Amino acid sequence: MPSLLLPDLRVAPLPYHDLLPLRATDALDMVVIHCTELPDLATAREYGEKALYPSGTGNSGHFYIDRDGSVHQYVAPDRSAHHVRGLNAQSIGIELVNSGRYPAWFDSRRQQMHEAYPEAQIASLLRLLHALCARYPSLRRIAGHDELDLEQVPATDNAQVTVPRKRDPGPLFPWDTVLATLSLVRDTTPRPR
């Protein structure tokens with residue numbers, strides 16, 4: 001059955017999908033861009049399937065875009081996924097497969113993000129964003145996870161040093177390309193923990 005958003009969308013709900021809270025989609029007003037900071041889509045799926053909360057749910061975005069441009073939906077937009085502190089109820093999370101700082105996320109000597117985002121991945125992101133804006137006209141804002149969550153944590157190699165808890169999508173994400181074709185406004189207002 002083709003998706004209402006994209007005809008080639010691969011829908012594969014997480015095992016705990018139906019435990020995630022339902023929400024009114026007319027209250028959606030933000031898209032948050034993430035990168036998985038993991039080596040591949042299979043590992044991202046594995047992480048997403050882990051139940052971390054008393055509710056039996058875990059951390060996950062709504063959509064995942066692999067390096068080849070394939071788009072996967074793990075959580076329906078009418079459910080709140082756990083992807084960004086304080087904004088889950090009103091936002092859609094899109095995860096781009098990218099190694100980021102993997103596997104030493106919090107090592108102060110390895111905070112650079114070196115993997116560029118492939119053209120196919122960004123093209124699919126733009127298709128998805130346009131489809132989401134058409135389907136959910138209340139969407140007005142877009143932000144990177146790193147712009148919303150500014151928490152610093154002790155570095156794993158030196159507890160006297162702190163590093164960003166979140167750096168995704170990171171400095172190599174092509175914001176200019178993405179914003180050039182959208183009516184969404186970039187919102188970089190950090191949110192409290």
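Everything numeric here is computed off the predicted structure, so don't read it as measured data. (Residues numbered from 1 in each chain as written. Predicted model: local features only at pLDDT ≥ 70, side-chain atom pairs only at ≥ 80, totals over all residues. Heavy atoms only, no water.)

Trainee: Can you help me understand the environment of Arg 45 in this one?
Mentor: Take Arg 45: it is sitting in helix α1 (residues 41–49). When the C-alpha positions of Arg 45 and Tyr 64 are compared, they lie 9.1 Å apart, and in sequence the two are 19 residues distant. For Arg 45, the contacting residues outside a window of four places in its chain are Ala 12, Pro 13, Leu 14, Pro 15 and Tyr 74. (Helix = DSSP H or I, 4+ residues; strand = E, 2+ residues; numbered from the N terminus. Contact = heavy atoms within 4.5 Å.)

Trainee: Can you help me understand the sheet that holds strand β4 (residues 71–73) in this one?
Mentor: Each strand in a sheet pairs with its neighbour through backbone hydrogen bonds, running either in the same direction (parallel) or in the opposite one (antiparallel). Here 7 strands make up an open sheet; going across it, the order is β1-β4-β3-β5-β2-β6-β9 and the pairing mixed. Only two strands of the sheet have a single neighbouring strand rather than two, namely β1 (10–11) and β9 (185–186). The sheet contact formed by β1 and β4 spans 2 bridges and is parallel. Its bridge partner lying in β4, Arg 10 is registered against His 72. Helix α2 (residues 119–135) rests against β2 (30–35), β3 (63–65), β4, β5 (91–96) and β6 (141–144) of the sheet, and its axis sits at about 165 degrees to β5. (Pairing = 2+ DSSP bridges. Axes fitted to C-alpha atoms, helices over the stretch in contact; angles between N-to-C directions.)

Trainee: Sorry, what's going on with unusual backbone geometry here?
Mentor: Negative phi values dominate among residues other than glycine, just as trans dominates among peptide bonds. Residue Pro 103 follows Tyr 102 across a cis peptide bond; omega there is 0 degrees. Position of Pro 103 among the secondary structure elements: in the loop between β5 and α2. Residue Pro 169 follows Asp 168 across a cis peptide bond; omega there is 10 degrees. In this fold, Pro 169 is placed in the loop between β8 (162–164) and α4 (175–180). A positive phi angle, near 55 degrees, is found at Glu 37, a position not held by glycine. Inspection of the secondary structure assignment puts Glu 37 in the loop between β2 and α1.

Trainee: Where do I start with the layout of surface pockets in this structure?
Mentor: Where empty space is left becomes clear once a probe the size of a water molecule has been rolled over the atoms. Within this model, the largest pocket holds a volume of roughly 720 Å³. Elements with a contribution of two residues or more to the lining of the largest pocket: β2 and α1. Take the lining of the largest pocket: its biggest share by element is 3 residues, from α1. Residues belonging to the lining of the largest pocket are distributed by class as follows: 10 nonpolar, 9 polar and 8 charged. (1 Å grid on protein atoms, 1.4 Å probe; cavity = no way out; pocket = protein on both sides within 12 Å on 5 of 7 lines; lining within 4 Å. Points joined across faces, edges and corners; volume = space filled by probe spheres on them. Nonpolar A, V, L, I, M, F, W, Y, C, P; charged D, E, K, R; others polar.)

The values reported here are purely geometric and, on their own, carry no functional implication.
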